Structures are given as structure tokens and as C-alpha cells.
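# Chain and residue survey
One-letter residues, chain by chain:
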Amino acid sequence: MADALSVVPAAVLRNLADKLYEKRKNAALEIEGIVKQLAAAGEHDKITAVIDLLTQEFAYSPQANHRKGGLIGLAAATVGLSTEAAQHLEQIVPPVLNSFSDQDSRVRYYACEALYNIAKVVRGDFIIYFNQIFDALCKLSADSDANVQSAAHLLDRLVKDIVTESDQFSIEEFIPLLRERMNVLNPYVRQFLVGWITVLDSVPDIDMLGFLPDFLDGLFNMLSDSSHEIRQQADSALSEFLQEIKNSPSVDYGRMAEILVQRAGSPDEFTRLTAITWINEFVKLGGDQLFPYYADILGAILPCISDKEEKIRVVARETNEELRAIKADPAEAFDVEAILSVARRQLSSEWEATRIEALHWISTLLNRHRAEVLTFLNDIFDTLLKALSDPSDEVVLLVLQVHACIAEDPQHFRQLIVFLVHNFRVDNSLLEKRGALIIRRLCVLLDAERVYRKLSTILEGESDLDFASVMVQALNLILLTSSELSELRALLKQSLVNPAGKDLYVSLYASWCHSPMAIISLCFLAQTYQHASAVIQSLVEEDINVKFLVQLDKLVRLLETPIFAYLRLQLLEPGRYTWLFKALYGLLMLLPQQSAAFKILKTRLKAVPSYSFNGEQLKRTSSGNPYQIRHHIASGSQITEDGDIAVDGGNSDNGIDFTARLQQFEQMQNQHRINAKAQAQLRNTSTSMSKEAQIMEEPRQAVPSDLSVSSSRSSKRSPGKLQL
């Protein structure tokens, strides 16, 4: 300290702490001259003492004017040292950096000015303090004082110039500091950071691309900034980096892919678009590097396919197609399970387009990696089944296509049908709204006969008899009306002459027993008219209920459709199709006379022309209708079914044991009657209990005797009326 006082006059020191800037400036010029002389004389010990004096007595002084003087004095000393300043930087720079956080804005301003002058002198030698200087500038860029900000910007430009021309700058040491600052939200700091990233990226010797994963997320974060200028700067920087990636032979796609996946789900539209655009390029460029990240990428793409912004949808679809076109092997880190998991999750998406693409992915994986997919089948099977209830028909059809692909194996086929029946059982609306679509499509994809046989086998042992009846009625209606099942209908028509038709008839018969009308329909289809008549005759009072009559109404109307044209034409040969007439008249007798179905069927039977009968076969009754049919059979022949005459007791019914079938039907219907009675008894018990509870709660009211009688009489059925 004494050495310093001996070379620096007291008047200079007083002026250095003066409140007037001009006096401080003149004092600084004096110090510059003194240091220059000492440097020329090589008296560095005295120079060290002067710098120490400026630091301790001025720069660290509690007096603001002293601190200002100390800063301008340190800058002057550096200018005086000139080329020899580097060896004293350890004394000069720290107090200046410390002043950047001074409470007095003027002190901070002078600190910027001082460091600017110091940097101009030492240039690249002060790179060793770059991180501390960068940190200080980062804070000053958001300073509350406009003058300090302006001074910091001037210093920042100078530091950038020095760094770009220096060969001592360490990007490895700088990146952690940059990464730490990238999440700052202050707009001034963000502009400062983007500026530095852009400058450093422009330096050929600095590999910013190699460190891009460290600050990429921060740049994407800036795309949603409220300032248009910052968004534009961040987008410009990202565009430049993307171009460099396209031209670079070596890029770390993996780490960046993780960031892009997160940003693709950003609530900000511009951020999503930029992220999905980057992903699109990565999929084209990344190759096998991206195999481990395919599932994550797919998880980001699928939601974007349904984005509200068209540009995002277009890029997402293109990326999805690119990704699906790449044929990877599980041995190459291609995780089939992870991709399946993503597709399964997206099946629950609220957007139809996303659900459709998820199904396309499952289908693609099944085609390419069937064995691996089937290994994880239990993880996705329930979700696929639930998707059958999707509100979109296109989704349901794709789900069925996936199911059909899975069901190529017998064990999976059975599992599919069992689960399908279970879903129909627990979700009545699924059967009602989508049952026909699902069954028809499965028949196309998996062979109608195979599907119907398996359904029949399952329903034959169904414990829920009410559901079994409803399901069989639905299957029967599909069988009778769907164009997809025309071959199945053609086979059943040959049940009496074709072993394959007979086998199918017997297979379906077991479950069709759950519904009288389904059995009658099946008999009409298979042309087993005598058996149809026997089934009708076997019906008892309990069977003729509202449900039965509704089904009968549907059947009568179906008889008028092209599907049963052959049956109507057979009415032209009453002598040959006696049992058909008897079955139809049996149905007519079961219908209420005032119903539309009764009139339709009666009109049809009346339409049979009289010329189709000969005198021996027909004799009109006194009323002229209905016809009394007499069928003459040649000696030695017998009739087993309409149209099939067996000579000498030949096997005309193709081996079908109709007696056993009728017993099977009656046993099943008996079970339904017992079940119906049990349910009715349960309902009555519940009703009685609720009434008893109500009586206990409310006072009993006397009922006049005349009202009771009147009520009793009014409850009696009017004669001649069928009450349903």
C-alpha cells in the first residue's frame, strides 16, 4: 500500500473519488500515465501495489463514488500496462466482475465501461474469465436500468468478436453454463442467449451441432414466447441447425428425438409444428439410430394426426407413413412391445383419425412380426375387444380386420369368438347397434361357416338363456338377410341331399333351439318343412308370448323377400310340398287375425293359383278356403320331407334324426320355460315385498265393496280378443 501511495499523488486519489465524472476521468488518465511509466521501468511490484490500492480502497469501498473511481482506475491501469496487462488480470478482472452486481446502477454502468476498455486491451487473454463474464452479461442483459443494458450490449458485442477470433475458447466448459441458463423466461435474457448460440454456431472451429441436445429444448421453449422477435430468432436458429443436421454425416439423433417427442405435445401450435417437422426429417435421416426411439416417436405422431391445425396433420401423416415404411428387425433394438403399447394407448384417443392409424400399426406389426405380437397378445386383446364398441364404423371394421389376422390360429380364433360373445352379453347395446356389422365382417374375413359353427357351439352351452335367445335371433336374422352369408344359405338349402349341408344344419340346430322362431326359420331355409310343422305343433301356451309374435311377424315379412323366393315358388306344387303348406298354415293360426303379418301370410296363401292342383290332390271346402290337401303316394313309397320321396324306405333325409332334433328343441324350450317362471316368481316376490313395505309405511284405506266388484269385472278379458 505504501509503495502505491509513493507513486500515486494524494491529489490524484482525491480526484479519483470525486463526485464529478470529469475529475475522476482526469485522475484515471494520471493513473494510466503512472502505470505506463512503471511498466516501462519493469517495476511490476509497484504496479501490483497500485492495482491493489485501486481494488481495496476504491472498487470495494462502501462509497459509491469511490467504487466508480476504482473501476475507471482499473481500466486506466490496464490501458497503461498495454501488452503486459495479461499478467495482472487476476487482480484487475475480479473486482470489475464483482461490481456487475452492485446495487447502484451507475456503478454497474461503469463496470461495463471498465470491462469494455480492459477487453479492448487484453483481447483473447481474458478468455480464461469468459464463463464469469458471460454469466455477468446474462444478468445485465435484463438489468432494470436502460443505460446499463445499453452498456452491457456494447460489451457483449466486443466479447463476441473476441471469442470468434480466439483459439482458446472452450466450448466444452461453456455448454453447461448455457444449458443452465436456457430455461430462463426473461425475454432480454432469451435474446441474449439466442444471440450467443447463433454467433458461436457461425464459428467454423466451434462444433455447436455436437452440443445441440444440451440446449435444443431451451430453443424450442422460446418458440412459444410472447415476443414475436424472440420466436423469430429461435425459429431462425433452429432452421439453421436443422439444415446443418441434413448436411452432417454424424448426428446424435437419439437424445434430440427424446426432446422433440416432448415438444410435439406442446400446447403451442408453432412449437408442435416445428417439433413434428424435425421428427419428420429425423425419420428420413436417422435410420437405425432411431430404432430404440420408434415407440416414443410414434407416441408423438399419432395424436398430431388429429391436430386441429392442418399443417401439423399433413406433416404428421407423412411422418407416420415414412415410419411405417421402414422395415426393422427386433434384433436391431426395434421394440415391438413398446410400439404395441403405444398403439394400444392411442386406441383410447378421442380422435377417430388417431385410432384408425393406431389400428393400422397393429395390423402392420402383425404382418411383419406376427410371432412377437402374439407373445404380447394378452396386453392388447381386451383393448381391441373394447374397440368393437367404437362409435366409428371405420374403426370397428379395422378392429375386426386385426382380430381376423390374429384369429388365423385356431386357439386365437376360439378366444376371439368367446370374448366376442362375452362382450355381447355384458353390453346389450353392442349387440344391438354393432352386432350385425361385426358378425358380417367376421364372416367375410374368417369364413362364414367357421364363424357360425363356433358361435353355435358356444351358445349351445350358454347359461344365460335370455341372452342366448336374443343372440341366436340376431344370428338367425343375419343368416337370412346378409349378402355375405349367401353361400352359407345355399349350403343349408341342401341339408337333405348334401352331407356338408346336413352337418352344418345339425351344428346350428343345437343353439338355434334357444329360439322357436330361429328354428322354424332354419327349417324353412333347409327345406325341412315337415320338421318345421312338428316344431310349430310342439309349441305350448307359454311359448306364444309377445316376443314370439314379434319374431313371427319378422319371419312372415322375410318370407316376402327374394331370399325366400324358392319357398314361394314351391307353393305352386302343393302336392309335393304338403308339409310346407301345413307349416305356413300353422304359423297363420298362431298370428292374431288383426295383425298385419296375418293379413300378409293369408294373402300369400290365397295367391296360390288353383291350376296348380289337380282333382285328386285338391278339394275345396264349402268356403273355398283354405285348401284341403290330399296327397296320393305310390305304393311302396313313403314321404319323409317335402319334395323327397324315398322308395323302399330309402334314407331320404340324409341321415338327420328329426325325432332326436325335436326332443332337443323341446328340452331346450322347457329350460327356457323354467327359467321364465323362476324370473317371474322372483319379480313377484320383489313386488310383494315392496308393497308390504309400502303398506307398513302408509295407513290402510278401506276399499268400497262395489268398487272391488267393478274392478274385478273390468279385469276380465273381452271375448274374442287376444291380449298380448
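Residues numbered from 1 in each chain as written. Predicted model: local features only at pLDDT ≥ 70, side-chain atom pairs only at ≥ 80, totals over all residues. Heavy atoms only, no water.

By the naming in an unreviewed UniProt entry, the protein chain is Protein VAC14-like protein isoform X1, taken from Senna tora. Its UniProt record, at the heading Sequence similarities (unreviewed entry), says of the protein chain: "Belongs to the VAC14 family." (UniProt positions renumbered as here; feature names shortened; annotations may be inferred.)

## Looking at the packing of aromatic side chains
Tallying each qualifying case throughout the model produces 23 aromatic pairs. On the numbers, 5.2 Å between centres and 70° between planes, the contact of Phe 381 with Phe 419 is edge-to-face. Linking Phe 381 in helix H21 (residues 377-386) with Phe 419 in helix H23 (residues 410-426), this pair joins segments that are 38 residues apart in sequence. With relative accessibility at 26%, the residue Phe 419 sits in the partly exposed group. Each ring, one from Tyr 505 and one from Phe 658, has its centre 6.5 Å from the other, and the planes form 65°; the classification is edge-to-face. Linking Tyr 505 in helix H28 (residues 499-512) with Phe 658 in helix H35 (residues 658-697), this pair joins segments that are 153 residues apart in sequence. Taken individually, Tyr 505 and Phe 658 each receive the classification buried, so the pair is uniform in this respect. Among the aromatic residues, ring-to-ring pairing joins Phe 130, Phe 134, Phe 169, Phe 174, Phe 192 and Trp 196 into one connected group. Directly above the ring of Tyr 109 sits Arg 106, whose terminal nitrogen or CZ lies 4.8 Å from the centroid. Above the plane of the ring of Phe 413 lies Arg 450, whose end atom (NZ or CZ) is 3.8 Å from the centre. (Phe/Tyr/Trp six-rings, centres within 6.5 Å; stacked < 30°, edge-to-face > 60°. Helix = DSSP H or I, 4+ residues; strand = E, 2+ residues; numbered from the N terminus. Buried < 20%, exposed > 50% of the residue type's maximum accessible area, 1.4 Å probe, protein only. Lys NZ or Arg CZ within 6 Å of the ring centre and 35° of its normal.)

## Side note on the nonpolar core
If you look at the biggest cluster of nonpolar residues, it comprises 238 residues, and the most contacted ones within it are Met 208, Phe 215, Leu 219, Trp 278, Tyr 452, Trp 512 and Phe 524. Sequence-distant contacts of Trp 512, defined by excluding residues within four places in its chain, comprise Tyr 452, Val 472, Leu 475, Asn 476, Leu 479, Ala 518, Ile 519 and Leu 522. (Core = buried A, V, L, I, M, F, W, Y, C linked by side-chain atoms within 4.5 Å. Contact = heavy atoms within 4.5 Å.)

## Quick look at the packing of helix H10 (residues 171-181) against helix H11 (residues 187-201)
In contact at an axis separation of 11 Å, H10 and H11 are set at 155° when each is read in the N-to-C sense. Taken together, H10 and H11 sit at an angle that is classed as roughly antiparallel. For H10 against H11, the interelement crossing comes out left-handed. Each of Ile 171, Phe 174, Leu 178 and Arg 181 in H10 lies in contact with H11, whose residues at this interface are Leu 193, Ile 197 and Leu 200. Along the lines of polarity and charge, the residues of the contact of H10 with H11 split into six nonpolar, no polar and one charged. (Axes fitted to C-alpha atoms, helices over the stretch in contact; angles between N-to-C directions. Parallel < 35°, antiparallel > 145°, perpendicular 65-115°, else oblique. Left-handed = near helix turned anticlockwise from the far one by under 90°. Nonpolar A, V, L, I, M, F, W, Y, C, P; charged D, E, K, R; others polar.)

## Let's talk about helix H34 (residues 596-606)
When H34 is considered as a whole, its buried residues turn out to be Ala 597, Phe 598, Leu 601 and Leu 605. Viewed end-on, H34 has its buried residues packed into an arc of 100°, placing them on one side of the element. (Arc of directions from axis to C-beta.)

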